[in-house]
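In case you want the letters, here they are:
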Amino acid sequence: MKKLFIALFIFVIISTVIYAGGNSEDATPTQTSEFINYSSWAKVNAETITGDVTGVLGAAHERSKGFREIYVNEIGLPVESGEEDYPFPEGTIIVKESFKNDKGSKGALSNLTVMVKRESGYSPDYGDWEYIITKPDGAIAQQGTLSVCIKCHARGEDKDYTFINSSM
Ligand code: HEC
């Protein structure tokens, strides 16, 4: 009986190790503190984005009626500004604010959507991006290789799964 317990114990430990190491979605998720000072970063869009500028927006990001602002950290800035070619380097963080439309002008912030360029192999078929959506106060609501984000952002494959850059 004792041997059986020991065998079971070892099995559990080994399975835990294999599970933790084998699934890229379990890689340490990004913390709110890594992007919450985004408003001091470089702004990507010169003017507030509204309408459907890409033709693929659909119901995402407060729809065409909402208002959007995009910020990028220092690591991603050279690619975002066109100084360097795609893909973005590891450590790039792009934060997008989506605001409601309040009688034709910018209303309340509904969420932040964030893209974080993770280590090679994190999401190899889709550019190794971690996707994050926050609550209105900036606290993380969901994160990881979120399929709803990936499906649409796949259409921006030629720009490393993004749509907007500073030259637009
Ligand atoms: C149906 C399409 C669609 C879905 C779903 C979608 N996005 Fe986007 N996203 C866009 C478009 C289009 C833009 C370009 C800016 C604009 O028009 O507002 C964009 C822009 C962004 C940007 C700024 C960088 C860029 O691509 O220009 C981030 C960050 C972002 N999205 C994150 C997310 C996250 C996180 C999710 C999932 C929670 C998500 N998106 C889901 C269409 C989508």
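The paragraphs below set out a description of the structure included in this document. Please read all numbers here as calculations on a predicted model, not as lab measurements.

Quick look at the site of the ligand now. Around the ligand, the surrounding shell holds 22 residues, and the nearest of these are His 61, Arg 68, Cys 149, Cys 152 and His 153. The separation between an oxygen atom of the ligand and a polar side-chain atom of Lys 96 is 2.7 Å. Backbone polar atom of Phe 163 to an oxygen atom of the ligand: 2.9 Å apart, as the coordinates give it. When residues of the shell around the ligand are traced back to their parent elements, those giving at least two are strand S2 (67–72), strand S3 (93–102), strand S4 (105–117), strand S5 (129–134) and helix H3 (147–153).

Below, the discussion takes up the coordination of the iron atom of the ligand. For the iron atom of the ligand, the full set of protein donor atoms is His 61 (NE2) and His 153 (NE2), at a range of 2.0 to 2.1 Å. Considering all six donor atoms around the iron atom of the ligand, angles at the metal cover 87 to 179° and the coordination shape is octahedral. Of this pair, His 61 sits in the loop between strand S1 (42–43) and S2 while His 153 sits in helix H3, placing them 92 residues apart in sequence. His 153 carries the same exposure label as His 61, and that label is buried.

Counting buried positions along S5 yields five of six residues, so the element is predominantly enclosed. One ladder, built from five bridges, connects S4 with S5; its direction is antiparallel. Looking across to S5, one finds that Val 116 is bridged to Glu 130. Direction of pairing for S5 relative to strand S6 (residues 140–144): antiparallel, over a ladder of four bridges. Within S6, the position partnered with Ile 132 by the bridge is Gln 143. Taking the residues between adjacent antiparallel strands as the criterion, S5 and S6 are bridged by five residues, where Gly 138 takes a positive phi near 95°.

So, on to the pattern of salt bridges. Two side chains with opposite charge may pair up if their charged atoms get near one another. Applying the stated criterion across every chain, the model contains six salt bridges. In this structure, Lys 43 and Glu 69 form a salt bridge, with 3.1 Å as the shortest nitrogen-oxygen distance. A residue pair is termed long-range when its members are at least 10 positions apart, and Lys 43 in strand S1 and Glu 69 in strand S2 qualify at 26 residues. By relative accessible area, Glu 69 is classed as buried at 3%. The residue Glu 69 makes a salt bridge to Lys 106 at a minimum N-O spacing of 2.8 Å. Pair noted here: Glu 69 is in strand S2 and Lys 106 is in strand S4, with a separation of 37 residues, a long-range link. Through salt bridges with shared partners, a single network forms among Lys 43, Glu 69 and Lys 106.

This next bit is on the side chain of Arg 68. Its place among the elements puts Arg 68 in strand S2. Here the side chain of Arg 68 touches Gly 51 through a polar contact of 2.8 Å, landing on its backbone oxygen. The residues contacting Arg 68, other than those within four sequence positions of it, are Asn 45, Thr 48, Ile 49, Thr 50, Gly 51, Leu 57, His 61, Arg 63, Lys 96, Glu 97 and Ser 98.

This part covers the environment of Ala 42. For Ala 42, the position within the fold is in strand S1. Spatially, the C-alpha atom of Ala 42 lies 9.8 Å from that of Ser 81, the residues being 39 residues apart in sequence. When sequence neighbours within four positions are dropped, the list of residues in contact with Ala 42 reads Ile 70, Tyr 71, Val 72 and Leu 77.

Parameters and conventions
Within each chain, residue numbers correspond to sequence positions counted from 1 in written order. Totals for whole chains, interfaces and linings use every residue, but because this is a predicted model, local features are given only for residues with pLDDT of at least 70 and side-chain atom pairs only at 80 or more, for both listing and counting. Processing note: side-chain calculations cover all non-hydrogen atoms of the structure and skip hydrogens and water entirely. Any residue with a non-hydrogen atom lying within 4 Å of a molecule or strand is treated as near it. Counted as a polar contact is a pair of N or O atoms within 3.5 Å, where, for protein atoms, one must be capable of donating a hydrogen and the other of accepting one, and residues adjacent in sequence contribute only when both atoms are in side chains. Helix numbering and strand numbering both begin at the N terminus, where a helix is a DSSP run of H or I of at least 4 residues and a strand a DSSP run of E of at least 2. Sites may look incomplete because water is not among the atoms; the donors themselves are N, O and S atoms within 2.8 Å of the metal, or within 3.2 Å for Na, K and Ca. When four donors show all angles between 85 and 135 degrees the site is tetrahedral, when four or six donors have opposite pairs over 155 degrees and all other angles between 65 and 115 it is square planar or octahedral respectively, and in every other case it is irregular. Relative accessibility decides the category of a residue: with a 1.4 Å probe and only protein chains considered, values under 20% of the type maximum give buried, values over 50% give exposed, and everything between is partly exposed. When DSSP finds at least two bridges between two strands, those strands are taken to pair. The term salt bridge refers to a pairing of a side-chain nitrogen on Lys or Arg with a carboxyl oxygen on Asp or Glu at a separation within 4 Å. Any two residues having at least one pair of non-hydrogen atoms within 4.5 Å are treated as being in contact.

Note that all results are geometric; they support no functional claim without further evidence.
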